[in-house]
Amino acid sequence: MDEPTRPLPNPRLNKDGQWVGTSTLTPKAVTTRGVLTIPPRRVIPVIVVPGIMGSNLRAKVDPGADKNKALAPGEPAWRPPNGLAAGLTEVKKWKRRDPKLRQQVLDPETLEVDDSGDINLSMFSFSDGVDERHARAHWWGEIHWGSYGNLLYTLEHNLNSTYTFVKDLRVIRPHWAAVNQWDRRQWGAASSGLTAPLTEAEFKKHAGFHFPVYACGYNWLQSNKKSAKRLKRRVKEIIDFWSSRKQDCKQVILVTHSMGGLVARACAKEIPDLIAGVIHGVMPAFGAPLCYRRIACGTETSSPSASWIGNMGMEAFAVIAGEKAEETTPVMATAPGPLELLPNHLYPKPWLFVSTKRQSSPDMDYLQLPTTDSPYDLYRDMKSWYRLIDPALADPADKYNGNPAPFIIKAINQAEDFHKRVLDTYYHPNSYAFYGNDFQQRSFGSCRWLSEPHYVGLSASEVQKGKPEGSSTFGGGRNVSFPNKGTAYFQHMDQDASGDGTVPSQSGAGPSGKVKQLFATRGYNHQGSYSNGAMLALTQHLIVKIVQGVA
């Protein structure tokens, strides 16, 4: 006799490799049977690696560790807000923090990843066995829920649910039918070859694996080299967990966002055989001039391509990240992680301009920088008025006893070493990448200092010898004095290139020729790339493709 069934929630894998579920006793009159669905024994964990500022950080809890001067052990240092109310609270908190306190709170050596971040599974209509206990065991609390929660849950649910039955006929589930029916033009690719709809044979192989989804946060203030070591340990820990429970687990898949792509590449370079494949989303492969802009001028508060609501959001974020150079420099000047997002030696040159307006013709460029193959000389220059870092702003907390310059140089040298030696041009051989190429999401493809027309008479050498007068003005502009020529005001110009609002297309396209396929896409901003339906569908499609190469 057929009896109704109900799935048992939250199955657990014990040390003997057996899946265990818990059922509640019911009266005899209740004939519904509990059913435990056993996942395939072959396991390919998927690890989501976030971008810069996407990991929650706290003051170290180890009593023997370096103490944070502003926070108690375990107190959150960086917790990106989830939702409007939390956002307003964070804005108020950071608005009260002066440069000295910002430097103390975001002190790289005193911080660690915080796994107690928000997890809000109530936003999904059904949990499908995913509860908060499961999510925290997979480290979902390490990364910003607002940016990555939907990605984590969607992958956990969809990757492990391939088929359903309709009148005893096995068919792919609706979410996979939607992936197959997605308009490939939104992926920046024709529906042929790699992007053709997935076949029955491909789905069948995919369904033979279990895909537990994990997160791996990292201390984004430290060098990506250190973060790659952390990811490497996480990869091995996850594989060892499943193997110790008699599951067949030999490789993982990495899904990265932004700077997380740099971390993943450095990690995969050391353990390529443990990586089945990598999907890079909106990675600044060659760095981003935005990083120069934020250190030199403070965080941008508007974009010519943003709506008024978008600009309001940018203003709020700027308060948190630092509206002025006086606020961003103390945090970023000696932090290798942010400095590793500066345009590297592969970024198309020149990208830094000093110019003046002309009445009836194009602006005239005085300087086009960098002038050598090494932009790091430009970053180490702390005397020119167009410098990246003003050392006078770098140490308001007196961490370096009033002499931060050697520590700034050390951090820039670390960034150069990471770009040229640790990372170089390496990509895992089974990598894919997508990036924003949208002029409606304008990014800084270059940085340009622009003066008023009456300074056309200056020569390039005179411009180089200019001296800054006082600190930067609101909005990041600089007053510069010139011998016998008076003072000129140079304003930093707006975003000028296609991109995703953060990474310009010339950097996003950096993986060209080094990955299996590169997708030039549009219709989303940088932080929301994995909240975009097309990019989420593309990611799932590519995971199935990666699985086809697993022996």
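Quick look at the structure, then. (Residues numbered from 1 in each chain as written. Predicted model: local features only at pLDDT ≥ 70, side-chain atom pairs only at ≥ 80, totals over all residues. Heavy atoms only, no water.)

## Re unusual backbone geometry
Note the cis peptide between lysine 349 and proline 350, where omega equals -5 degrees. Cis geometry is found at the peptide bond from leucine 369 to proline 370, where omega equals -5 degrees. Position of proline 370 relative to the elements: it lies in the loop between strand S18 (364-369) and helix H13 (376-380). A positive phi angle, close to 70 degrees, is found at methionine 53, a residue other than glycine. Judged by relative accessible area, methionine 53 falls into the partly exposed class, the value being 22%. One non-glycine residue, aspartate 168, lies in the positive phi region at around 65 degrees. Structurally, the position occupied by aspartate 168 is in the loop between strand S10 (163-166) and strand S11 (169-172). Taking relative accessible area as the criterion, aspartate 168 reaches 76% and is therefore assigned exposed. (Helix = DSSP H or I, 4+ residues; strand = E, 2+ residues; numbered from the N terminus. Buried < 20%, exposed > 50% of the residue type's maximum accessible area, 1.4 Å probe, protein only.)

## A closer look at helix H10 (residues 308-321)
Counted at 1.5 Å a residue, the expected span for H10 with its 14 residues is 20 Å, and the 20 Å between its end C-alpha atoms agrees. Listed as buried for H10 are Asn311, Met314, Ala318, Val319, Ile320 and Ala321. Where H10 is buried, its residues contact strand S8 (76-78), helix H1 (84-95), helix H2 (99-105) and helix H11 (325-332). Following H10 by one or two positions, glycine 322 has its phi on the positive side, about 120 degrees. (Expected span 1.5 Å × (residues − 1). Contact = heavy atoms within 4.5 Å.)

## Topic: the packing of aromatic side chains
Within a pair of aromatic rings, the relevant descriptors are the distance that separates the centres and the angle that separates the planes. Evaluation of the coordinates by the stated rule reveals 20 aromatic pairs. Ring centres of tryptophan 19 and tryptophan 242 lie 6.3 Å apart, and the angle between their planes is 35 degrees; this geometry places the pair in the tilted category. Of the two residues, tryptophan 19 is situated in strand S3 (residues 19-20) and tryptophan 242 in helix H7 (residues 224-244); the sequence distance between them amounts to 223 residues. Using a relative accessible area of 17% as the deciding quantity, one classes tryptophan 19 as buried. Take tryptophan 242: its relative accessible area is 3%, and that puts it in the buried class. Plain terms: the ring middles of phenylalanine 241 and tryptophan 242 are 5.3 Å apart, the flat faces sit at 90 degrees to each other, and that makes the pair edge-to-face. Looking at phenylalanine 241, the relative accessible area reads 31%, which means it is partly exposed. Following the ring pairs from residue to residue traces out a cluster consisting of Trp385, Tyr386, Trp449, Phe482 and Phe490. Positioned above the aromatic ring of tyrosine 163, the side-chain terminus of arginine 170 is 4.0 Å from the ring centre. (Phe/Tyr/Trp six-rings, centres within 6.5 Å; stacked < 30°, edge-to-face > 60°. Lys NZ or Arg CZ within 6 Å of the ring centre and 35° of its normal.)

## What to know about the pattern of salt bridges
Two side chains carrying opposite charge are able to pair once their charged atoms lie near each other. Tallied over the entire structure, the rule returns 24 salt bridges. Measuring nitrogen to oxygen at the nearest pair gives 3.7 Å for the salt bridge that ties arginine 42 to aspartate 248. Of this pair, arginine 42 sits in strand S5 (residues 42-43) while aspartate 248 is found in strand S14 (residues 248-249), placing the two residues 206 residues apart along the sequence. Using a relative accessible area of 21% as the deciding quantity, one classes aspartate 248 as partly exposed. As a salt-bridge pair, lysine 399 and glutamate 109 come within 2.8 Å of each other at their nearest N and O atoms. Within this pair, whereas lysine 399 is found in the loop between H13 and helix H14 (405-423), its partner glutamate 109 is found in the loop between H2 and strand S9 (111-113), the two being separated by 290 residues in sequence. Through salt bridges with shared partners, one network takes in Arg58, Arg79, Glu112, Asp114 and Asp115. (Salt bridge = Lys/Arg side-chain N within 4 Å of Asp/Glu carboxyl O.)

## Side note on the environment of aspartate 363
Relative to the assigned elements, aspartate 363 resides in the loop between strand S17 (352-356) and S18. Residue aspartate 363 is classed as partly exposed on the basis of its relative accessible area, which comes to 35%. Linking aspartate 363 and leucine 450, residues 87 residues apart in sequence, is a C-alpha distance of 8.4 Å. Every residue in contact with aspartate 363, bar those within four places of it in the chain, is listed here: Ser355, Thr356, Lys357, Arg358 and Leu450.

## Thoughts on a nonpolar patch on the surface
On the surface, Trp308, Ile309 and Met312 cluster together into a nonpolar patch covering about 390 Å² of accessible area. Of note, methionine 312 is situated in helix H10. (Patch = residues over 30% accessible without salt bridge, like charges linked within 9 Å, V, L, I, M, F, W, Y side chains within 5 Å. Areas by Shrake-Rupley, 256 points an atom, 1.4 Å probe, with all protein chains shown as cover.)

## As for the sheet that holds strand S12 (residues 209-210)
An order of S12-S5-S14 is seen for the 3 strands of this open sheet, with the pairing classed as parallel. Of all strands in the sheet, those bounded by a partner on one side alone are S12 and S14. Here 2 bridges tie S5 to S12, and the two strands are oriented parallel to one another. Its bridge partner lying in S12, arginine 42 is registered against phenylalanine 209. (Pairing = 2+ DSSP bridges.)

## Some remarks on the side chain of arginine 294
Its location among the elements puts arginine 294 in helix H9 (residues 289-297). In contact with arginine 294, not counting residues within four places along its chain, are Thr299, Glu300, Phe317 and Thr328.

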